[in-house]
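Structure assessment
These are the residues of each chain, in order.
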Amino acid sequence: MDRLLPLTEHGAPGQLDDTQEHHDERHHPMTWSRRGALLGLAATAGCTVVGPDYNTPETRLEARFVTGGSGSAGDVSSDPWWKDLKDAQLDGYAQRGLSANLNIKAALARLDQAEARVRQTGLATQANGGASGSGVRSGGENVPTTTTETYALSGSFVFDLFGGAKRGREQSLAQLEAAGFSVGDARLALLSAVVSNYIAARFHQTAAELTRRSVQLRQRTLSLVESQLNEGAATRLDVIRAQADLEATQADLPGFIAGFNASVFAIAALLNQANKDILGQMQPGAPQPWPRSDRAQGVPANLVRNVPAIRVQERQLAASVAAIGVAEAQLYPSVTLSGSIGTGTTDRWSFGPEISVPVFNQPLLRARRDEAIAVAKEAELNWRSAVVRSVEQVEVAASNLSNNRRQVSLLRKSVTSQERSLELTRGVYQNGAVSLLDLIETERSTLGLQVSLAAARRDAANAWVQLQVATGRGWNI
């Protein structure tokens, strides 16, 4: 430290010979004390970090879900849950979506941005400087031609006396991690949307096929009634009623086709693929997806680790806490060490520290610090809200799944009985034991129950999907 240049009367670096140095020390005894104060501040660089240290927040959670057990699910972020549906086409769409979805690509771009911001912190914000050079050739009448070359090298370093740079790096690193979890959240949203739309498409396809079969059945009923009319066993009113029932059933078909197309187009958009390609692949038809097994639901505490949306909020909270330290450090003095070396017509150099003390802008800086504190408080509330919302989503999905499965079981029995009833009704109608209205009503009820069963299967499959998503499965694939 003794090799540093002495300070002049005004506290600026000077170039003094031995005589001048002795003279300054004798006549300006405060010069060395000033330098000592500056160097003392510089020596504390990195030793004092203002602002609160971040501690992971805690929240009170129930020991178990209402519909779940008490066992922990562990880390489920890499669980490919959609493969339990045993549908190779759906597996392909999920894999394609993970690599081609535009929202995921945008999230990855934001991750790159966050990584670049991290590289702008720490020493990158403290060190500055560069080199320059020039060459000038001059001359004139009766003046010899000369070339003057000038080179300069300068630099400065801001000491992180109160940890502002350190807190800034902490903030950027937390934002980087939040961006990473945002990618996981985008992946989970993609998987949920692709699988849900696939389930919807297969439901509409099934409902459309049931309707077509019912149309064929009603066409046979109409032909039967027309034959009876020719034989005098039916009236013109019976024919009109059978015709109206046929047309009403046919009118249901376009709605199911439109629903199928809308779901397919949604899948195509999610996969960033041409509509006609996905539509052609989906047209042949396939059974409605149905989960083959159940996964451990876990306990509410598992959500804090497994759900990416919660992890995003927690990392944003960490960034907000670090931002308080950044704002706090602005309230205190800063020390910059600068130096330069130059060559040209004369060689020159300079070297020395500079202190900057914020005085008149203290109200502004304190307001910024207080704002950062308020932002951190909001971030903590957002994290707590995300936890509460995730618990709610798991409870709702688990309840829906349980009740939808019960509904599917009951509807299966009802459909079996109704189909048997329709078979018997058609037989006795031809013998004149029941009226045409009874036959029409039985046909209508049978189709309604069949479609209701398909809808219940769709709802149960969707509830199963939402349960996997709510528990944070599959985003880390």
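What you see is a predicted model, and the numbers here were worked out from it, not measured in a lab.

Each value, and the rule that gives it
- Residues numbered from 1 in each chain as written.
- Predicted model: local features only at pLDDT ≥ 70, side-chain atom pairs only at ≥ 80, totals over all residues.
- Heavy atoms only, no water.
- Helix = DSSP H or I, 4+ residues; strand = E, 2+ residues; numbered from the N terminus.
- Rg over C-alpha atoms; globule rule 2.2 N^0.38 Å.
- Buried < 20%, exposed > 50% of the residue type's maximum accessible area, 1.4 Å probe, protein only.
- Contact = heavy atoms within 4.5 Å.
- Areas by Shrake-Rupley, 256 points an atom, 1.4 Å probe, with all protein chains shown as cover.
- Lys, Arg positive; Asp, Glu negative; His and termini not counted.
- Charge placed at Lys NZ, Arg CZ, Asp CG, Glu CD.
- Pairing = 2+ DSSP bridges.
- Axes fitted to C-alpha atoms, helices over the stretch in contact; angles between N-to-C directions.
- Core = buried A, V, L, I, M, F, W, Y, C linked by side-chain atoms within 4.5 Å.
- 1 Å grid on protein atoms, 1.4 Å probe; cavity = no way out; pocket = protein on both sides within 12 Å on 5 of 7 lines; lining within 4 Å.
- Points joined across faces, edges and corners; volume = space filled by probe spheres on them.
- Nonpolar A, V, L, I, M, F, W, Y, C, P; charged D, E, K, R; others polar.
- Phe/Tyr/Trp six-rings, centres within 6.5 Å; stacked < 30°, edge-to-face > 60°.

With that settled, the discussion passes to the overall build of the chain. For the chain, the helix and strand inventory stands at twelve helices and four strands. Relative to the compact-globule value of 23 Å for 477 residues, the chain shows a C-alpha radius of gyration of 38 Å, a clear excess of over 25%. Structurally, the chain occupies a C-alpha span of about 135 × 70 × 35 Å along its principal axes. Looking at the 477 residues of the chain, the share that counts as buried comes to 40%. Sequence separation of at least 24 residues holds for 82% of the intrachain contacts in the chain that already meet a minimum separation of 6. By element, 52% of the accessible surface of the chain is carried by carbon and sulfur atoms, the whole surface being about 25,400 Å². Computed over 48 positive and 48 negative side-chain charges, the inter-centroid distance for the chain is 7 Å.

It is worth spelling out the sheet that holds strand 2 (residues 143-158) at this point. Read from one edge of the open sheet, four strands run 1-2-3-4, paired in antiparallel fashion. With partners counted over all chains shown, the strands left at the sheet margins are strand 1 (127-140) and strand 4 (348-356), one partner each. Taking each pair of neighbouring strands and ignoring which way they run, the sheet shows an average axis angle of 15 degrees. Note that strand 3 (residues 334-343) and strand 4 share nine bridges and pair antiparallel. Within the sheet, the bridge partner assigned to T336 lies in strand 4 and is E354.

Glancing now at the pairing of strand 3. Bridge count between strand 2 and strand 3: eight bridges; the pairing is antiparallel. Bridging across to strand 3, A152 finds its partner in G342. Counting the residues in the hairpin turn of strand 3 and strand 4 gives four residues.

Let us now look at the nonpolar core. A general tendency of soluble globular proteins is for nonpolar side chains to be buried together. By size, the foremost hydrophobic cluster in this structure holds 50 residues, and its most contacted members are W81, Y93, V195, I278 and M282. No other element matches the eleven residues that helix 6 (residues 164-231) contributes to this core. When sequence neighbours within four positions are dropped, the list of residues in contact with I278 reads Y93, R96, V264, I267, A268, L271 and Q273. In terms of nonpolar packing, the next biggest core, distinct from the first, is built from 13 residues, L222, A242, L422 and Y429 among them.

Before going further, it helps to examine the layout of surface pockets. By volume, the largest pocket amounts to about 400 Å³. What lines the largest pocket is a set of 24 residues, and nearest its centre among them are V158, D160, G164, A165 and Q330. Looking at the lining of the largest pocket, the elements that each hand over two or more residues are helix 5 (123-126), helix 6 and helix 10 (308-329). With six residues, the single largest contributor to the lining of the largest pocket is helix 6. Per-class residue counts for the lining of the largest pocket are ten nonpolar, twelve polar and two charged. Approximately 320 Å³ is the volume attributed to the second largest pocket. Taken together, 19 residues make up the lining of the second largest pocket; nearest its centre are V307, S390, Q393, V469 and A470. Listed by contribution, the elements that provide at least two residues to the lining of the second largest pocket are helix 6, helix 10, helix 11 (362-430) and helix 12 (436-470). Among the elements that take part in the lining of the second largest pocket, helix 11 stands out by supplying seven residues, more than any other. Residues belonging to the lining of the second largest pocket are distributed by class as follows: eleven nonpolar, six polar and two charged.

This part takes up the packing of aromatic side chains. Across all of its chains, the model carries six aromatic pairs by this definition. Ring geometry for W81 and W464: centres 5.9 Å apart, planes at 70 degrees, overall edge-to-face. A residue pair is termed long-range when its members are at least 10 positions apart, and W81 in the loop between helix 2 (30-43) and helix 3 (88-100) and W464 in helix 12 qualify at 383 residues. As far as the burial class goes, W81 and W464 line up, both buried.

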